[in-house]
Amino acid sequence: ARFDPSSVSVSAHDMKALKGAFHAQFWMIKRAYVDCVVLVKHGSFFNAFDIDADVGHEIGLRQSGGNSGFMRKVGFPCTQFDEWAAKLLALGYSVARVEQMDEDEHASKRSSKVMKRECC
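Residues numbered from 1 in each chain as written. Predicted model: local features only at pLDDT ≥ 70, side-chain atom pairs only at ≥ 80, totals over all residues. Heavy atoms only, no water.

S.K.: Please clarify how the pattern of salt bridges should be interpreted in this entry.
M.R.: Pairing of side chains with opposite charge becomes possible as their charged atoms draw close. Applying the stated criterion to the full structure yields 7 salt bridges. Aspartate 54 is the partner of arginine 72 in a salt bridge, and the nearest nitrogen-oxygen pair spans 2.9 Å. Remark: aspartate 54 occurs in helix α3 (residues 51–58) and arginine 72 occurs in the loop between α3 and β3 (73–77); sequence separation between them is 18 residues. In this structure, lysine 116 and glutamate 118 form a salt bridge, with 3.3 Å as the shortest nitrogen-oxygen distance. On the basis of relative accessibility, which here comes to 47%, the residue lysine 116 falls in the partly exposed class. One network of salt bridges, with partners in common, ties together Lys41, Arg97 and Glu99. (Salt bridge = Lys/Arg side-chain N within 4 Å of Asp/Glu carboxyl O. Helix = DSSP H or I, 4+ residues; strand = E, 2+ residues; numbered from the N terminus. Buried < 20%, exposed > 50% of the residue type's maximum accessible area, 1.4 Å probe, protein only.)

S.K.: What should I look at first to understand helix α2 (residues 21–32) in this one?
M.R.: For an α-helix the count is 3.6 residues per turn, leaving residues at separations of three or four pointing the same way. An ideal rise of 1.5 Å per residue puts 16 Å on 12 residues; α2 measures up with 17 Å between its terminal C-alpha atoms. Contact partners of the buried residues in α2: α1 (12–17), β1 (36–42), β2 (45–49), α3, β4 (94–100) and β5 (117–119). (Expected span 1.5 Å × (residues − 1). Contact = heavy atoms within 4.5 Å.)

S.K.: Can you help me understand helix α4 (residues 81–90) in this one?
M.R.: Of the residues making up α4, those classed as buried are Phe81, Trp84, Ala85 and Leu88. The buried residues of α4 occupy one face: seen down the axis, they fall within an arc of 100°. Seen from the open side of α4, the exposed residues pointing more than 90 degrees away from its buried face are Asp82 and Ala90. Where α4 is buried, its residues meet β1, β2, α3, β3 and β4. (Arc of directions from axis to C-beta.)

Laid out in structure tokens, this is it:
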């Protein structure tokens with residue numbers, strides 16, 4: 001089941017069908033910021049997924065990693081956030097910056113397999 005970009009709803013059934021905890025985390029964030037290009041921090045990179053990856057491709061970002069179904073991905077180094085966000089803003093897009101809220105060294109203490117992330 002693919003996300004409907006005209007809707008802010010992702011059904012419980014579709015959430016359960018997602019591959020892994022990160023995919024569910026991404027869609028929980030994306031459905032709250034459906035009107036924004038969501039840029040998610042992963043270590044030293046920011047990545048955009050699915051329909052946001054399509055927008056990133058429009059501004060010159062290249063697909064990275066494998067295409068795991070509907071989770072296409074484009075990204076750039078964290079040090080270039082301002083540059084890429086400015087390109088999106090110049091085209092009239094809103095940007096949601098999603099940061100990691102705990103450090104990798106705390107991974108063993110997390111109750112979840114995925115790092116906590118929030119839109120800042």
